[in-house]
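A structural walkthrough
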Amino acid sequence: MSFQVEDNPAKRRFEILVDDALAGFAAYTPGDGVLVFTHTEVDDRFQGQGVGAALVRGALDEVRARGGRIVPNCPFVAAFVKRHPEYADLVADPA
């Protein structure tokens, strides 16, 4: 099983493809250098296979590569960051 995470700015979400099939997405609202993650969804066919974690990891790696920050309003993204403190530096300070 191969994972590919891509940003789809037109839909304001990162998408994960599993063997070329859309398996899930992490929606965001863009701000000034900040992406506010609002919702993450993985298709039922791909539940329990690490797809959600791969999606969030890929999205956060892309945000880091761009020099951006995040606001993890989505509970799944927030839980991922809590479990993976190496991404804590991406969380923007509260206003």
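As a reminder, the structure under discussion sits directly above these lines.
Residues numbered from 1 in each chain as written. Predicted model: local features only at pLDDT ≥ 70, side-chain atom pairs only at ≥ 80, totals over all residues. Heavy atoms only, no water.

Let's talk about the pairing of strand β4 (residues 34–42)
Alignment of strand β3 (residues 21–30) against β4, held across 7 bridges, turns out to be antiparallel. Considered in β4, the bridge of Ala27 is made with His39. Joining the antiparallel neighbours β3 and β4 is a turn of 3 residues, in which Gly33 adopts a positive phi near 75 degrees. By the bridge criterion, 4 bridges tie β4 to strand β5 (residues 69–72) in an arrangement that is parallel. Residue Leu35 lies in a different strand from β5, and its bridge partner there is Ile70. On the question of chirality, the crossover connecting β4 to the parallel β5 by way of helix α1 (residues 51–66) is right-handed. (Pairing = 2+ DSSP bridges. Helix = DSSP H or I, 4+ residues; strand = E, 2+ residues; numbered from the N terminus. Right-handed = clockwise from strand over helix to strand, strands pointing away.)

Description of the pattern of salt bridges
Two side chains carrying opposite charge are able to pair once their charged atoms lie near each other. Tallied over the full model, the rule gives 5 salt bridges. The salt bridge involving Asp43 is made with Arg45; its shortest N-O contact spans 3.1 Å. Ionic contacts of the salt-bridge type, sharing partners, join the residues Asp7, Glu62 and Arg66 into one network. (Salt bridge = Lys/Arg side-chain N within 4 Å of Asp/Glu carboxyl O.)

Some words on the packing of aromatic side chains
Counted by the stated rule, this structure contains 4 aromatic pairs. An angle of 50 degrees between the planes, with centres 5.5 Å apart, marks the rings of Phe14 and Tyr28 as tilted. One end of the pair, Phe14, is in strand β2 (residues 13–18); the other, Tyr28, is in strand β3, and 14 residues separate them in sequence. Tyr28 shares its class with Phe14; the two are buried. Taking 5.7 Å as the distance between ring centres and 45 degrees as the angle between the ring planes, the aromatic pair formed by Phe80 and Tyr87 counts as tilted. Side by side, Phe80 and Tyr87 carry an identical accessibility label, which is buried. Ring-pair connections join several aromatic residues into one group, and the members of that group are Phe14, Tyr28 and Phe37. The lysine or arginine in question, Arg13, covers the ring of Phe25, its NZ or CZ lying 4.5 Å from the ring centre. (Phe/Tyr/Trp six-rings, centres within 6.5 Å; stacked < 30°, edge-to-face > 60°. Buried < 20%, exposed > 50% of the residue type's maximum accessible area, 1.4 Å probe, protein only. Lys NZ or Arg CZ within 6 Å of the ring centre and 35° of its normal.)

Digging into the pairing of β2
Across the 6 residues of β2, 6 count as buried, placing the element largely inside the fold. Neither face of β2 is exposed, since Arg13, Glu15 and Leu17 on one face and Phe14, Ile16 and Val18 on the opposite face are all buried. Turn length for the strand β1 (residues 3–8)-β2 hairpin, with the two strands adjacent in sequence and antiparallel, is 4 residues, and the turn residue Arg12 shows positive phi of about 55 degrees. Bridging between β2 and β3 involves 6 bridges; their strand directions are antiparallel. Within the sheet, the bridge partner assigned to Leu17 lies in β3 and is Leu22.

Functional significance is not addressed by these values, which are geometric in nature.
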